[in-house]
Amino acid sequence: MTPVSQSAYSQQPWWADAVFYQIYPRSYADGNGDGTGDLIGICERLDHLVELGVDAIWISPFYRSPMADGGYDVADPCDVDPIFGTLADFDALLADAHERGLKVTIDIVPNHFSDQHVWFRQALAAAPGSPERARFIFREGRGANGDQPPNNWPSMFGGPAWTRVPDGQWYLHLFAAEQPDLDWTNPEVPAEFARILRFWLDRGVDGFRVDVAHGMAKEPGLPDMDLSVITPRDEGAHMPSAADIRFDRDAVHEYHRGFRKVLDSYPGDRMAVGEAWVPSSERMARYAAPDELNLTFNFELVVAPWSATEFRSAIDRSLHAMAAVGAPCTWVLANHDVDRTATRYGGGARGLARARAAALVQLSLPGAAYLYNGDELGLENVELPDDALQDPTWERTGHQVRGRDGERVPLPWTGTRPPYGFSTGPTSWLPMPEGWAASTVEAEAADPASTLQLYRTTLRLRHTLADLQGTALEWLDSPDGCLAYRRGGLSVWLNAGVAAVPMPACELVHASAPVGADLEPDVAVWLRS
Ligand code: GLC
């Protein structure tokens, strides 16, 4: 399947090849000393992102929330939670970021609200069959007394996807019980989300990340599903089965067309990227069809094992599927829901070497890219004590599945002891480990061989090398275990095998590790032929 060209989009808007940096706001920087990251903290640490060389930020939810799922349980999508600051803090952050040339994108969470949202409180206070209940998915239970859930769907966080309310009805929640699913067939729901989008677009945000973009539309009749297709979260990130009827229903695309209409009614190339975990590249590409979302995360590299063949086929599949809809690929190695890149590749020196090499691949592919805060420092997941865990998965699985806290530990900025300048207070919302003194932004900035310096150089080259600006990619022949492709006059080589191979006779432009006569395993290079 070579060569690949994505020339279908020629007049590129800013987001088509932007590098986005995901800020998990509880963990980026704490501006008020309470141990939890906040908007002022982000403002104070914007220069890190300018020096890193990213184009845009995506800030995970900072809206009013009881924090049953780290803010993805939204109680008021048009206000800032006091733990993160105020709307004025957000406006200041937006202005500061724009002044530095950074675009600002934020989450919207359309599949569900918090159970503390006024709509859900009204629904609970109202009777079965009322218009208030019709904004959510309330049903009668099964069994003689209706004491069995309406179907057999499990929640993504463990346990049933249904919770019973005192009058006997059940409501659907694909995630935690504190996250009741909205009924998108009720016109009030899309209208409310158009209002939410406009609220933030009017303030000046450049775009959105659409949470659970493959949710929202529910299989008509809510039939039972085949439970054998579900893989537990602790077995690592994976693509869902096409038989998982809780997600990726065709009707969802109408809702994305609605989002797009709102975005396009604003000047300035406002955008949205979808979070859609779907079974195939073709299903993924549908979310970025010309009249739907602008981008959709490509999770293929997140789930691919460390293997040149797997990487190549993931890249190939994605490029072709996205070219067919005329949208750029959106390359992702990590986010707040999956193990950190260095951890997924085995941890330790080897995991880090692979994560660094993977970054040189990710950032040399055509399209947009998302970085997850802390990956630029080469951080690994942290083993947390049981009593520190906050992910709802831990409780909902009866302490069987630990969940995602390990990749959410706050960032180390300065100093040699926790909380490493993350907070002026003594502690952080998740404990930070001993042993991160060499991984702080301060320490890595002073070390030419650090992962931070590698990212800075990679992003500078990405912006300046004309070879990487286009959309074409041509695969090159390479020895077993290796991956090689050409972009303009630049070739990118990754050795994901176990044996060293001779370095191609070309000028070395960039490398993920010091190189000699051979291309060693777990190293990537950019070469000029
Ligand atoms: C998305 C978010 C995840 C959250 C879930 C429910 O997958 O990335 O963190 O738990 O949606 O909103």
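The residue numbering used here restarts from 1 in each chain and proceeds along that chain's sequence as written. Given that the model is predicted, a residue must reach a pLDDT of at least 70 before its local features are reported, and side-chain atom pairs must reach 80 or more before they are shown or counted; all residues, however, enter totals for whole chains, interfaces and linings. Hydrogens and water are ignored here; the side-chain numbers use all heavy atoms of the structure.

Peer 1: Outline the domain arrangement of the protein, listing residues and values.
Peer 2: Each domain span listed reflects an automatic or database assignment of domains. With domains assigned, the protein is organised as domain 1 (12-111 + 186-458), domain 2 (114-181) and domain 3 (476-528). Measuring from the centre of the C-alpha atoms in domain 1 to the corresponding centre in domain 2 gives 28 Å. Contact definition: two residues touch when any of their heavy atoms are within 4.5 Å. Every contact between the two is made by 30 residues of domain 1 and, on the other side, 31 residues of domain 2. Taking both partners together, domain 1 and domain 2 bury about 2600 Å²; carbon and sulfur atoms supply 59% of that area. When two parts are put together, the accessible area they lose, computed with a 1.4 Å probe and summed over both, is reported as buried area. Of all residues in domain 1, Leu-222, Arg-246 and Arg-396 give up the largest surface area on contact with domain 2, accounting jointly for 27% of the area buried on that side. Salt bridges, as used here, are contacts in which a Lys or Arg side-chain nitrogen is within 4 Å of a carboxyl oxygen on Asp or Glu. One can count three salt bridges joining domain 1 with domain 2. Under the scheme used here, helices are H or I runs from DSSP no shorter than 4 residues and strands are E runs no shorter than 2 residues, and both carry numbers assigned from the N terminus. Listing elements by their share of the side of domain 1 that touches domain 2, those giving two or more residues are α6 (188-203) and α13 (392-396). Under this grouping Gly is polar, as are all residues other than the nonpolar Ala, Val, Leu, Ile, Met, Phe, Trp, Tyr, Cys and Pro and the charged Asp, Glu, Lys and Arg. Considered class by class, the residues forming the side of domain 1 that touches domain 2 number 16 nonpolar, four polar and 10 charged.

Peer 1: Describe the side chain of Ser-307, listing the residues and the values that go with them.
Peer 2: Structurally, Ser-307 is set in the loop between α9 (300-303) and α10 (308-325). Using a relative accessible area of 17% as the deciding quantity, one classes Ser-307 as buried. Within 3.5 Å is the distance limit for a polar contact, defined as a pair of N or O atoms, with the added protein rule that one can donate a hydrogen and the other accept it, and that residues adjacent in sequence qualify only through two side-chain atoms. Within the local environment of Ser-307, its side chain forms a polar contact with the backbone nitrogen of Glu-310, the two atoms lying 3.0 Å apart. With a 1.4 Å probe rolled over the protein chains alone, any residue whose accessible area is under 20% of its type maximum counts as buried; one over 50% counts as exposed, and the rest are partly exposed.

Peer 1: Talk me through the site of the ligand; I want residue IDs and the actual numbers.
Peer 2: What surrounds the ligand is a group of 14 residues, the closest being Asp-69, Asp-211, Glu-275, His-336 and Asp-337. The contact in question runs from an oxygen atom of the ligand to an N or O atom on the side chain of His-112, over 2.9 Å. Separating an oxygen atom of the ligand from a side-chain N or O atom of His-336 is a distance of 2.8 Å. The Shrake-Rupley method, run with a 1.4 Å probe, gives the accessible areas here. Residue values count only the displayed protein chains as cover. Bound to the protein, the ligand loses 97% of the 310 Å² it would expose on its own. The two domains that each donate at least three residues to the shell around the ligand are domain 1 (12-111 + 186-458) and domain 2 (114-181). Each residue is tested against the molecule or strand, and it is near if at least one of its non-hydrogen atoms lies within 4 Å.

Peer 1: Tell me what's going on with the sheet that holds strand β6 (residues 138-139), and back it up with residues and numbers.
Peer 2: In space, the three strands of this open sheet follow the order β6-β8-β7, with antiparallel pairing throughout. Each of the sheet's edge strands pairs with one partner strand only, and the pair in question is β6 and β7 (162-164). Pairing of β6 with strand β8 (residues 170-172) involves two bridges; the strand directions are antiparallel. Each bridged residue has a counterpart across the sheet, and for Arg-139 the counterpart in β8 is Trp-170. One requirement defines pairing of two strands: DSSP has to find at least two bridges between them.

Peer 1: Residues and numbers for the sheet that holds strand β18 (residues 507-511), please.
Peer 2: Strand order in the open sheet formed by five strands is β14-β15-β16-β20-β18, with antiparallel pairing between adjacent strands. In this open sheet, the two strands that pair with only one neighbour each are β14 (474-475) and β18. Here β18 runs beside strand β20 (residues 523-528); their pairing, made up of four bridges, is antiparallel. Its bridge partner lying in β20, Ala-511 is registered against Val-525. Working convention: axes come from line fits to C-alpha atoms, limited for helices to the stretch in contact. Angles between N-to-C directions cover 0 to 180 degrees. This element, α10, spans β14, β15 (482-487) and β16 (490-495) of the sheet and lies at about 35° to β15. Contacts between helix α12 (residues 348-362) and the sheet are confined to β15, β16, β18 and β20, with β20 contributing the most and set at about 35° to the helix.

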